[in-house]
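# Close look at the chain arrangement
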Amino acid sequence: MTELKSLQNHLLIAMPSLDDPRFERSLAYICEHNDEGAMGIIINQPSTMTLKQLLEQTDKELIVAENKREQTVMSGGPVDQERGFVLHSDQGQWGSSMTLADNVVVTTSKDILTAIGSDAGPDKSIVALGYAGWSAGQLEKELQENAWLTIEADTDILFNTPIHEKWQAAVNKLGVDVWQLTPGVGHA
């Protein structure tokens, strides 16, 4: 058996043929990938909630900074949608954080939300509710079926590219026209 190549700190790009509405034209940042499965956060599917609305649910007393009120909260995936995740640049000390790559950290504690809302958080952040999860071997199978393409994560796409342009920006880094690819590419 070949050794698993971890896709942590990679972006999963949904192929145009992936017609599951939860993942259609999605771009997921892979936080963890090992023999037990994978966990990622979709970074380009907006939820119906703003940061201000989310913070009002967690801390009614918090005054949300003007420039943060309309920040869109992402729908990070179909699993555990009540749970929050913040992908952010590497600044500050938060209650529950894990460094994923150079200048990419995921935090799940409420203290970072309060800091972001009051404009005292990290310079760059993506707030998401829920995550995408794959059981052991499931992601590898989906990759073999050409449901996803992968590229190494790019912090410019992650943090600086507008939400509605992230998928296309990732596709452009591939250097191929994904619309020309078919689901059966690479299989005899």
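Residues numbered from 1 in each chain as written. Predicted model: local features only at pLDDT ≥ 70, side-chain atom pairs only at ≥ 80, totals over all residues. Heavy atoms only, no water.

## Re the packing of aromatic side chains
In total, this model carries three aromatic pairs according to the counting rule given. Ring plane angle 80° and centroid distance 5.7 Å describe the contact between Phe-23 and Trp-148, whose orientation is recorded as edge-to-face. Here the residue Phe-23 occupies a position in the loop between strand E1 (10-14) and strand E2 (27-34), and Trp-148 occupies one in strand E10 (residues 148-152), the gap between them amounting to 125 residues. Residue Phe-23 is classed as buried on the basis of its relative accessible area of 12%. With a centroid separation of 6.1 Å and an interplanar angle of 80°, the aromatic rings of Trp-134 and Trp-148 are classed as edge-to-face. Residue Trp-134 is found in strand E9 (residues 125-135), and its partner Trp-148 is found in strand E10; the two are separated by 14 residues along the sequence. An aromatic cluster is defined as three or more aromatic residues linked by ring pairs; in this entry it consists of Phe-23, Trp-134 and Trp-148. (Phe/Tyr/Trp six-rings, centres within 6.5 Å; stacked < 30°, edge-to-face > 60°. Helix = DSSP H or I, 4+ residues; strand = E, 2+ residues; numbered from the N terminus. Buried < 20%, exposed > 50% of the residue type's maximum accessible area, 1.4 Å probe, protein only.)

## Thoughts on the pattern of salt bridges
One pass over the full model with this rule turns up five salt bridges. For Arg-22, the salt bridge is made with Asp-20, and the minimal N-O distance between the two is 2.8 Å. Using a relative accessible area of 48% as the deciding quantity, one classes Arg-22 as partly exposed. The class of Asp-20 is partly exposed, set by a relative accessible area of 21%. The shortest N-O distance in the salt bridge between Glu-66 and Arg-69 comes to 3.2 Å. (Salt bridge = Lys/Arg side-chain N within 4 Å of Asp/Glu carboxyl O.)

## A closer look at the nonpolar core
Ranked by size, the top nonpolar core spans 41 residues in total, and within it Tyr-29, Leu-87 and Trp-148 carry the most contacts. Judged by nonpolar contacts, the second largest core, of 15 residues, contains Met-49, Val-73, Trp-94 and Ala-115. (Core = buried A, V, L, I, M, F, W, Y, C linked by side-chain atoms within 4.5 Å.)

## Remarks on unusual backbone geometry
Even without being a glycine, Asn-9 presents a positive backbone phi close to 65°. Of note, Asn-9 is situated in the segment before E1. The exposure class of Asn-9 is buried, given its relative accessible area of 17%. Despite not being glycine, Asn-103 has its phi angle at roughly 70°, a positive value. Looking at the element boundaries, Asn-103 is found in the loop between strand E7 (97-101) and strand E8 (104-107).

## Remarks on helix H1 (residues 51-58)
Those residues of H1 that fall on the buried side of the exposure criterion are Leu-51, Leu-54 and Leu-55. Across the axial projection of H1, the buried residues extend over an arc of 95°, all falling on one side. Packing partners of the buried residues in H1 comprise strand E4 (46-50), strand E5 (72-75), helix H2 (110-117) and E9. (Arc of directions from axis to C-beta. Contact = heavy atoms within 4.5 Å.)

## Things to note about the side chain of Thr-161
Positionally, Thr-161 belongs in the loop between helix H4 (155-160) and helix H5 (166-174). A relative accessible area of 15% means that Thr-161 is categorised as buried. When residues no more than four places from it in sequence are discounted, the contact partners of Thr-161 are Asp-156, Lys-166 and Ala-169.

## Some thoughts on the side chain of Lys-68
In this fold, Lys-68 is placed in the loop between H1 and E5. No salt bridge is formed by the buried Lys-68; the nearest opposite charge belongs to Asp-119, separated by 4.1 Å. If we skip the residues at most four places from it in the chain, Lys-68 touches Leu-51, Lys-52, Ile-116, Gly-117 and Asp-119. (Lys, Arg positive; Asp, Glu negative; His and termini not counted.)

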